[in-house]
Amino acid sequence: MERYEAIGCIETFGLVFVLEAADAMCKAADVELIGYENVASGYISVIVQGDVGACRTAVDTGVKAVEAMGAEVYSSVVIPRPHQDLSKIVARYSLTNLLPREE
């Protein structure tokens, strides 16, 4: 993973709500959707990266989108200047590792 200014995450319950969050996040700011994780019992986290302001805008917009659908956001965070070792965690949940490979 390259060094990015920030990563932003939202965790909510259900695929429909996390898709709405991810869509709103990517449309609201210049961020890249880098991964997701089905945490447990229906809770799903989505991760974006970009500059600090973009990640903050994306996370705030994603939270509002989920809440507008009547759902609850379990947690959200923006981590400015993430330590390089966080790449070990983020890489595990990256889209390139989670999606099936084309042959």
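Residues numbered from 1 in each chain as written. Predicted model: local features only at pLDDT ≥ 70, side-chain atom pairs only at ≥ 80, totals over all residues. Heavy atoms only, no water.

With an unreviewed UniProt entry as reference, the protein chain is termed BMC domain-containing protein, source organism Enterocloster alcoholdehydrogenati. Listed under Sequence similarities (unreviewed entry) in UniProt, the entry text for the protein chain is "Belongs to the bacterial microcompartments protein family." The Subcellular location (unreviewed entry) comment attached to the protein chain in UniProt states, word for word, "Bacterial microcompartment". (UniProt positions renumbered as here; feature names shortened; annotations may be inferred.)

Engineer: So what's going on with the nonpolar core? Which residues, and what values?
Structural biologist: Membership of the largest hydrophobic core comes to 20 residues, with the highest contact counts inside it found for Ile-10, Met-25, Val-31, Val-46, Cys-55 and Val-59. Those elements that place two or more of their residues in this core are strand E1 (6-13), helix H1 (15-28), strand E3 (43-50), helix H2 (52-68) and strand E4 (73-80). Of all the elements, H2 adds the most residues to this core, at six residues. In this structure, Val-46 is in contact with Gly-8, Cys-9, Ile-10, Val-18, Ala-22, Met-25, Leu-33, Gly-35 and Tyr-36, ignoring residues within four places of it in sequence. If you look at the next biggest cluster of nonpolar residues, it comprises six residues, including Ile-7, Ile-34, Val-90 and Tyr-93. (Core = buried A, V, L, I, M, F, W, Y, C linked by side-chain atoms within 4.5 Å. Buried < 20%, exposed > 50% of the residue type's maximum accessible area, 1.4 Å probe, protein only. Helix = DSSP H or I, 4+ residues; strand = E, 2+ residues; numbered from the N terminus. Contact = heavy atoms within 4.5 Å.)

Engineer: I'd like a description of the pattern of salt bridges, backed by residues and values.
Structural biologist: Enumeration over the complete set of coordinates arrives at two salt bridges. With a shortest N-O distance of 3.7 Å, Lys-88 and Asp-85 are connected by a salt bridge. Judged by its relative accessible area of 63%, Lys-88 is exposed. (Salt bridge = Lys/Arg side-chain N within 4 Å of Asp/Glu carboxyl O.)

Engineer: Pulling in residues and values, what's your account of the state of the cysteines?
Structural biologist: Tallying each qualifying case throughout the model produces zero disulfides. With no disulfide of its own, Cys-9 lies 8.7 Å from the sulfur of Cys-55, the closest cysteine sulfur. (Disulfide = S-S within 2.5 Å.)

Engineer: Any details on the packing of aromatic side chains? Residues and values, ideally.
Structural biologist: All told, the structure shown has two aromatic pairs when counted by the stated rule. Ring centres of Tyr-43 and Tyr-74 lie 5.0 Å apart, and the angle between their planes is 50°; this geometry places the pair in the tilted category. Placement of Tyr-43 in strand E3 and of Tyr-74 in strand E4 is noted, with a sequence separation of 31 residues between them. Residue class for Tyr-43 comes out partly exposed when judged on its relative accessible area of 30%. Accessibility expressed as a relative area gives 54% for Tyr-74, which makes it exposed. Clustering of aromatic rings is evident, with ring pairs tying together Phe-13, Tyr-43 and Tyr-74. (Phe/Tyr/Trp six-rings, centres within 6.5 Å; stacked < 30°, edge-to-face > 60°.)

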